[in-house]
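Observations on chain architecture
These are the residues of each chain, in order.
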Amino acid sequence: MTPVVRPHGGAGVPIRAGRREWTGLAVLALPTMLIGLDMTVLHLAAPRISERLHPSGTQLLWIVDIYGFMVAGFLATMGTLGDRIGRRRLLLIGAAAFAAASVLAACSSGVGMLIASRALLGVAGATLMPSTLSLISNMFRDPGQRRVAVAVWMTNFSIGGMIGPLVGGLFLEHFWYGSVFLMGVPVGVVLLIAGPLLLPEYRDPAAGRLDPASVALSIATVLPVVYGFKQIAQHGVGTVPLIGLALGLGLGAIFVRRQLRLPDPMLDLRLFTRPAFGVSLGGLTLGLFAVTGIQFLLLQYLQLVLGLSPLVTGLWTLPAVLAGVVSALLAPFAAARTSPGRVMAGGFLLAVPGLALLTRADTTSGPGLVVIGFAVMSFGVQAALALTNDVIISSAPPERAGNASGIGETGANLGEALGVAVAGSVAAVVYRAKLSGDALPDGVGPDAAGAARATLGGATEVAGRLPERLGGDLLALARRAFTDGLHVAALVNIGILLVLTAAHLTLLRHEKAHRGPGAPAPERREAVPRRRWADAVGRVTRRGGPRRPPRRRPPRAPTHRTRSSRPSPSSDSGESA
């Protein structure tokens, strides 16, 4: 029978982690990085997918972001399931399922099969994230070590998302587009081998009851809304997309009402009554929304507008990766000197000039301008995001910290998925508007015009089949249209970041800084200097310390008090000072 690991050692004494636990953390870092990487690796493969599978603009967006929606929708459910059946067991099941779905996605022969495979990857990925975090909380019971371990966990998730384009570029340079999915296979194999040897098992005897209705409502709320929004962006306002929006909003109201009535809700929405929680969660969700959406458009701009190869495009993302890592490391130190609210507001505000630079890019400006702009944006937003999780968890009551963490993870994944969906849809609206009517050059047939209006990748393929001059004119027009869409998406995100700046300055101005990983507890840090000071002067100020006999007052009070240990001159000879 598999042993059940308890959160604390005997007599409530924390147990410090050893070599086995730290090695286990390295194993847990692999799926965490893989989840973040799989969010963005397809951003670079989107042009290749357009060339091979010929998806519509809406289908391409579904291929990219259905994974994030499924991860966000099943996170809370998988966390409860792991508490019931065992967190290590769920992690191993999820690793095997993720590897199998990765192979299925790599071998997809059509758009529908690829979308379904990505959805299965999302469900499997939802088992990995809560399992890794909950296992870390069991393996590292010492508070200082646990803070370090959680920081490593969060850093790996962020690094995975940022290096996705670079890794994708390396694979696409030498293999077919489906190869970017196969990274889940070796990670799954490592987990299946090392997991039983290094990771403990844990079940919660008081785990909450699974609520299938809440799971179904959460998915049914998000997908119709996103579908309606994408259809409006693709084909304009119509009956079907409006029905989808209305259906999603109605189901969302039912979901909220159900969560407020359940004694053990899937998402504790009462936490949103705390300003620090709501504002920080909004910053986490919308910050990732802005970064991921702009990254998705920039990678297509570098490849399809400027004509760079996938590998070179991935290398051009390194400045943004480095800027984000540096700012994430500096943010806690800055928050300790000021406050988390000010640092987060300053980070969002600092990202605005970077987005403004993107609005100056054109078809001939080269990669330098957009790379600098995206690096500035990454530096600012990542500084803010480095503090959001700490504020989210610390602003919730201790007994609701787990639920607050789950809501934060859901918001992060939903923000990444919505960022691609919204930014891609906004850019698509502008792109099609620029290529509508008589804007296309004369000589482009109806079928070719439809393919060119669908995506920039489609326009590139059509231009290659046309006569050189006609194809060149069509490609130049399509590239200008895509760049205009990038400008509009950047302006939308500037507005979002300015709202976040104002909200954090207003509602988090009194939020205090929290101690970074490994910092000693206040009691321990203050106890040593006080005890030494007391010993030095011969007086104990702490309760429970040695006490000297009380000094008896002389018959006549002296004119001033003295700390001398000698008897007072006016004291009786038998009295001691």
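Look a little higher up for the structure.
Cut-offs used in this document
- Numbering of residues starts from 1 in each chain and follows the order in which that chain's sequence is written.
- Reporting of local features is limited, given that this is a predicted model, to residues whose pLDDT is at least 70; pairs of side-chain atoms are given and counted only at 80 or more, and all residues count toward the totals for whole chains, interfaces and linings.
- The basis for every side-chain value is the complete set of heavy atoms in the structure, and neither hydrogens nor water enter the calculation.
- Strands are runs of DSSP state E lasting at least two residues, helices are runs of H or I lasting at least four, and both sets are numbered from the N terminus onward.
- Here a polar contact means two N or O atoms within 3.5 Å. Within protein one must be a hydrogen donor candidate and the other an acceptor candidate, and residues neighboring in sequence count only if both atoms are side-chain atoms.
- Note on definitions: a residue-residue contact is assigned when non-hydrogen atoms from the two residues lie within 4.5 Å.
- Each nonpolar core is a collection of buried residues, namely Ala, Val, Leu, Ile, Met, Phe, Trp, Tyr and Cys, held together in the definition by side-chain atoms within 4.5 Å.
- The buried label applies to any residue whose accessible area, calculated with a 1.4 Å probe on protein chains only, is under 20% of its type's maximum; exposed applies above 50%, and partly exposed to all values in between.
- In what follows, salt bridge is the name for a side-chain nitrogen of Lys or Arg lying within 4 Å of a carboxyl oxygen of Asp or Glu.

Next up on the list: the side chain of glutamine 259. Within the secondary structure layout, glutamine 259 lies in helix H8 (residues 239-261). Within polar-contact distance, the side chain of glutamine 259 engages the side chain of serine 214 at 2.8 Å.

Before going further, it helps to examine the side chain of arginine 118. Checked against the element boundaries, arginine 118 lands in helix H4 (residues 111-139). If sequence neighbours within four positions are ignored, arginine 118 has contacts with Asp38, Leu42, Ile63, Val64, Ile66, Tyr67 and Phe181.

Right, let's talk about the nonpolar core for a bit. Counting 144 residues, the largest nonpolar core has Ile49, Met377 and Leu497 as the members making the most contacts within it. For this core, the element with the highest residue contribution is helix H9 (residues 275-305), accounting for 17 residues. If sequence neighbours within four positions are ignored, isoleucine 49 has contacts with Leu42, His54, Pro55, Leu60, Ile63, Leu114 and Tyr177.

Bringing the environment of leucine 128 into the picture now. Position of leucine 128 relative to the elements: it lies in helix H4. Taking the C-alpha atoms as reference points, leucine 128 and glycine 79, separated by 49 residues in sequence, lie 9.3 Å from one another. Setting aside residues no more than four positions away along its own chain, leucine 128 makes contact with Pro31, Ile35, Leu91, Gly94, Ala95 and Phe98.

A complete count under the given rule lists 2 salt bridges for this structure. The salt bridge partner of lysine 434 is aspartate 484, with a shortest N-O separation of 3.7 Å. Here aspartate 484 lies in helix H17 (residues 468-507) and lysine 434 lies in helix H14 (residues 401-434), a separation of 50 residues in the sequence. For aspartate 484, a relative accessible area of 26% corresponds to the partly exposed category. In this structure, the salt-bridge partner of arginine 465 is glutamate 461, at a minimum N-O distance of 3.6 Å. Of this pair, arginine 465 and glutamate 461 both sit in helix H16 (residues 456-465), 4 residues apart, which is roughly one turn of the helix. Look at arginine 465 and you get exposed, because its relative accessible area is 56%.

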